[in-house]
Amino acid sequence: MVLGACAAWSLITAAAHDGRPEGVLLAILAVAAGYAAGRIGGALLPVAAPCAGALAGVALTVAVPHLSPGPEIVVPLGHAGATAAVLTLSVGAACCAAWATSAPVPRLALRLLAAGIMVTAAVVGSTIGFVACSAVLLCSLAAGRVRRRGPGIVGLALTATLVTGLTWAVAGNAVPERLAESLEGRLTRQRVELWHDALYLTRQDPALGVGPGRFGELSDTSVQTLLSDGKPHSALLQQASEQGVVGVLLLAAAFCWVLYALWRTARPTPIALTAGAALTVLAAIAAVGNALSFTMVSVGAGLLAGLATARPLADEPAGSEWDVHARGDRPAP
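Residues numbered from 1 in each chain as written. Predicted model: local features only at pLDDT ≥ 70, side-chain atom pairs only at ≥ 80, totals over all residues. Heavy atoms only, no water.

1. Quick word on unusual backbone geometry
And step 1. We note that N173 has phi near 55°; this positive angle belongs to a residue other than glycine.
And step 2. Inspection of the secondary structure assignment puts N173 in the loop between α7 (149–171) and α8 (177–187). (Helix = DSSP H or I, 4+ residues; strand = E, 2+ residues; numbered from the N terminus.)

2. Overview of α7
And step 1. The end-to-end C-alpha distance of α7 is 33 Å, a good match for the 33 Å that 23 residues give at a rise of 1.5 Å each.
And step 2. The complete set of buried residues in α7 reads R149, I153, L156, A160, T167, A169, V170 and A171.
And step 3. Check the buried side of α7 and you find it contacts α8, α9 (189–204), α12 (235–264) and α13 (269–287). (Expected span 1.5 Å × (residues − 1). Buried < 20%, exposed > 50% of the residue type's maximum accessible area, 1.4 Å probe, protein only. Contact = heavy atoms within 4.5 Å.)

3. A short note on empty space enclosed by the protein
And step 1. For the coordinates displayed, the defined rule picks out two cavities of 30 Å³ or more.
And step 2. Taken as a whole, the second largest cavity holds about 30 Å³ of empty space.
And step 3. Within the lining of the second largest cavity, the residues separate by chemical class into six nonpolar, no polar and one charged. (1 Å grid on protein atoms, 1.4 Å probe; cavity = no way out; pocket = protein on both sides within 12 Å on 5 of 7 lines; lining within 4 Å. Points joined across faces, edges and corners; volume = space filled by probe spheres on them. Nonpolar A, V, L, I, M, F, W, Y, C, P; charged D, E, K, R; others polar.)

4. Quick look at the packing of aromatic side chains
And step 1. A full pass over the atoms with the stated rule returns two aromatic pairs.
And step 2. Each ring, one from Y35 and one from W257, has its centre 5.8 Å from the other, and the planes form 70°; the classification is edge-to-face. Of the two residues, Y35 sits in helix α2 (residues 22–44) while W257 sits in helix α12, which places them 222 residues apart along the sequence.
And step 3. Taking relative accessible area as the criterion, W257 reaches 39% and is therefore assigned partly exposed.
And step 4. When the ring of Y260 is compared with that of W263, the centres are 5.8 Å apart and the planes differ by 55°; the resulting orientation is tilted. Within this pair, Y260 and its partner W263 are both found in helix α12, separated by three residues, close to a single helical turn.
And step 5. Residue classification places Y260 among the partly exposed positions, given a relative accessible area of 43%.
And step 6. W263 gets classed as partly exposed once you look at its relative accessible area, which sits at 24%.
And step 7. One cation-aromatic arrangement involves R111 over W99; the distance from NZ or CZ to the ring centre is 4.6 Å. (Phe/Tyr/Trp six-rings, centres within 6.5 Å; stacked < 30°, edge-to-face > 60°. Lys NZ or Arg CZ within 6 Å of the ring centre and 35° of its normal.)

5. Observations concerning the layout of surface pockets
And step 1. Considering only enclosed or pocket space, the second largest pocket measures out at about 620 Å³ in volume.
And step 2. Taken together, 24 residues line the second largest pocket, and the ones lying closest to its centre are I128, V163, A284, I285 and V288.
And step 3. Listing elements by their share of the lining of the second largest pocket, those giving two or more residues are α6 (127–143), α7, α8, α9 and α13.
And step 4. Examining the composition of the lining of the second largest pocket, we find that six residues originate from one element, α7, more than from any other.
And step 5. Partitioning the lining of the second largest pocket into residue classes produces 19 nonpolar, three polar and two charged.

None of the figures reported here should be taken as evidence of function without further support.
Laid out in structure tokens, this is it:
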């Protein structure tokens, strides 16, 4: 229902402002397809499916280093954001596979795979990917000691809210000057100017936005940039500028639904929290980059969510103190 509402609203805003909703619809279809594949794969092969997904992510990163279908742009977190996102999801999948098996040797091998993906991020020059992969791996290891997943899910939601709130504050010049200068040095002046343009366009029509796919032609910074991809490099601000406040609420609803599904899933708590950590890190990357503009990232996000919420046909490893029910924190049936 949430994805259907997102698709319907993109069509409504496109009709109101002669927009181009194809990119949004493709992203929604990619998430839905990835989620369905994850539910099926997680049910049939709870260990092999996420392991295969992790290896596929690494293969894509090595085979297609830039992950960019358009002209290469010299802006941090453009194709770099997509690379970091794919590697982050790959580490999340490998860690989920490790928690899904009870055999010590395969679990160790899968954790070494996750560590290898983290090293791969450093080798390909993705500093952000290395930091993101490290965060997911550490969160996954810590999740093994967590008995109640509720506080962890709330913490992930608060983290995503903090990052998106900071992004909005930077766009609105609502942060202290010294902090703004520090962030601008890391994000680049051009990116911050794109955020300013996105917020300005949002204020022009906060209800409907300017229409999907129209930011590039209405943003002064984007028009003046020689090799622009026509995006504000922030999923939050792109949604706000092109689809208005309702679009932002729908995007937030999709993320909250994923966290809710992870809270409710009957899978072990470490799997739920690991997937949640990877998707939260992805949300943070998307808040300051255009990672969600790449189909493989959307598919990977849906795939990981599906794997972590699937009901395996075979019994999960039993007897572990962290194998608790999603909502009541009672032993899973």
